[in-house]
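Residue-level structural notes
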Amino acid sequence: FSGRAKLRFSAPELAPHLLLEVFVIYLFCMLCLPQIIRLVDLGSSKIGLLTINVAGISAILLVALWPKMFGEHLRDIANTIGLYTSNFAQILRDILFAPYAYFSSIAPFLLVLVGYSLVLTGLDIDPSSGAHPIVPILAKSKETNIVYLIVFMAVVVAPIVEEIMFRGFFYSWLRSRMPAGAAVILSALIFAALHPQGAVGIVPLTTIGMVLALIREWRNSLLTCIFAHACFNGVTLTLVILIFSNA
């Protein structure tokens, strides 16, 4: 409101069609991953299934190298998606800004969450039906290795992969086609729709997606988005673990 919040997003250095191609290939790989896992016979081993999920999702990051096949340099790819690495002081500022951005967004996020829960309750819809499928696994699991794997996937793997693909490649492509406001809303809606929480989870996830897109728009740094995303997942997961450990 004081006019000091400047938008720092810069135009993509890569051809926009390459940005979209990376995102589409990423979606295709994510669609194929469950089918590949089904082909690997692991019996009923939850640890094995989670390990393959973590390895598979991490390996999908190689899709980010797609522009190199067309002669693009790694530095140009990194700069386009907001992964600047040339200035250590700037990197540190971008990382330290993430908790500030997270805690600043908690109040409006909780207001949305409470209001949305009241609406769902009024419509006789259980708000907990929009929980992530990983929550029942945490609730029933007594194995610490499973908990560690879930935490690693939620706090490390998911923020890195999703931010590179959504706020990195996809958002950069959207901004080459439309103004900031439209790109923030559209990217957040697609981010929410592609999560496994279903229709009930669309509103909270869209809110989180908008916060992360605004961070990218404001800071133009994917590092801030990654660490803010990790804060969202880490705090939520900690609360879930505490609730079920005391149940």
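We now turn to the structure provided with this report.

Conventions adopted
Residues numbered from 1 in each chain as written. Predicted model: local features only at pLDDT ≥ 70, side-chain atom pairs only at ≥ 80, totals over all residues. Heavy atoms only, no water. Helix = DSSP H or I, 4+ residues; strand = E, 2+ residues; numbered from the N terminus. Rg over C-alpha atoms; globule rule 2.2 N^0.38 Å. Buried < 20%, exposed > 50% of the residue type's maximum accessible area, 1.4 Å probe, protein only. Contact = heavy atoms within 4.5 Å. Areas by Shrake-Rupley, 256 points an atom, 1.4 Å probe, with all protein chains shown as cover. Lys, Arg positive; Asp, Glu negative; His and termini not counted. Charge placed at Lys NZ, Arg CZ, Asp CG, Glu CD. Core = buried A, V, L, I, M, F, W, Y, C linked by side-chain atoms within 4.5 Å. Phe/Tyr/Trp six-rings, centres within 6.5 Å; stacked < 30°, edge-to-face > 60°. Lys NZ or Arg CZ within 6 Å of the ring centre and 35° of its normal. Axes fitted to C-alpha atoms, helices over the stretch in contact; angles between N-to-C directions. Parallel < 35°, antiparallel > 145°, perpendicular 65-115°, else oblique. Left-handed = near helix turned anticlockwise from the far one by under 90°. Nonpolar A, V, L, I, M, F, W, Y, C, P; charged D, E, K, R; others polar. Patch = residues over 30% accessible without salt bridge, like charges linked within 9 Å, V, L, I, M, F, W, Y side chains within 5 Å. Salt bridge = Lys/Arg side-chain N within 4 Å of Asp/Glu carboxyl O.

**Details of the overall build of the protein**
Helix and strand counts for the protein stand at nine helices and zero strands. Ordering the α and β elements of the protein from the N terminus gives α-α-α-α-α-α-α-α-α. By the compact-globule yardstick of 18 Å for 247 residues, the protein fits well, its C-alpha radius of gyration being 19 Å. If one aligns the C-alpha atoms of the protein with their principal axes, the spans along those axes are about 50 × 50 × 35 Å. Scored against the burial criterion, the 247 residues of the protein give a buried share of 41%. By sequence separation, contacts in the protein at least 24 residues apart represent 78% of the contacts at least 6 residues apart. Just so you have it, the protein exposes about 13,400 Å², and 71% of that area is on carbon and sulfur atoms. When the 15 basic and 12 acidic side-chain charges of the protein are each reduced to a single mean position, those positions are 7 Å apart.

**Topic: the nonpolar core**
Buried together is how nonpolar side chains tend to be arranged in soluble globular proteins. Formed by 60 residues in total, the largest nonpolar core has its most connected members in Met165 and Phe169. Sorting elements by how many residues they give to this core places helix α6 (residues 144–175) first, with 16 residues. What phenylalanine 169 contacts, discounting residues up to four positions off in sequence, is Leu19, Val22, Ala64, Pro67, Ile77, Ile81 and Ile164.

**What about the side chain of glutamine 197?**
For glutamine 197, the position within the fold is in the loop between α7 (180–193) and α8 (202–219). Assessed through its relative accessible area of 13%, glutamine 197 is described here as buried. If we skip the residues at most four places from it in the chain, glutamine 197 touches Ser129, Gly130, Ala131, His132 and Leu205.

**Observations regarding the packing of aromatic side chains**
To describe a pair of aromatic rings, you give the distance between the ring centres and the angle between the ring planes. Under the counting rule described, the total for this entry stands at 13 aromatic pairs. Ring plane angle 55° and centroid distance 5.2 Å describe the contact between phenylalanine 97 and tyrosine 100, whose orientation is recorded as tilted. Placement of both phenylalanine 97 and tyrosine 100 in helix α4 (residues 88–122) is noted, with a separation of three residues, approximately one turn of the helix. Since its relative accessible area comes to 12%, phenylalanine 97 is described here as buried. Connected via pairs of aromatic rings, a cluster forms that spans Phe23, Tyr26, Phe166, Phe170, Trp173 and Phe191. For arginine 167, the ring lying beneath its charged end belongs to phenylalanine 191, and the centroid distance is 4.3 Å.

**Structural notes on the environment of proline 108**
Mapped onto the elements of the fold, proline 108 is located in helix α4. For proline 108, a relative accessible area of 44% puts it in the partly exposed group. Between the C-alpha atoms of proline 108 and leucine 65, which are 43 residues apart in sequence, the distance is 37 Å.

**A few points about the packing of α6 against α8**
Closest axis-to-axis distance for the α6/α8 pair is 11 Å, and the angle between their directions is 65°. Classed by the angle they form, the pair α6 and α8 counts as roughly perpendicular. Remark: the crossing between α6 and α8 carries right-handed chirality. Every residue of α8 that contacts α6 at Glu163, Arg167, Gly168, Tyr171, Ser172 and Arg175 is listed here: Gly209, Leu212, Ala213, Arg216 and Glu217. Of the residues that constitute the contact of α6 with α8, the class distribution is three nonpolar, three polar and five charged.

**Brief notes about the packing of helix α2 (residues 46–59) against α6**
At their nearest, the axes of α2 and α6 sit 10 Å apart, and the two run at 15° to each other. As summarised for this structure, α2 and α6 are arranged roughly parallel, according to the angle between their axes. Of the two elements, α2 crosses α6, and the hand of that crossing is left-handed. Facing α2, whose interface residues are Lys46, Ile47, Leu50, Thr51, Asn53, Val54, Ile57 and Ser58, α6 presents Asn145, Ile146, Leu149, Ile150, Phe152, Met153, Val157 and Val161. When grouped by side-chain class, the residues that make up the contact of α2 with α6 number eleven nonpolar, four polar and one charged.

**Considerations on a nonpolar patch on the surface**
A grouping of Val235, Leu239, Leu242, Ile243 and Phe244 is seen on the molecular surface, where their side chains present a nonpolar patch of about 450 Å² in accessible area. With respect to the helices and strands, the residue leucine 242 is situated in helix α9 (residues 222–245). Leucine 242 gets classed as partly exposed once you look at its relative accessible area, which sits at 46%.

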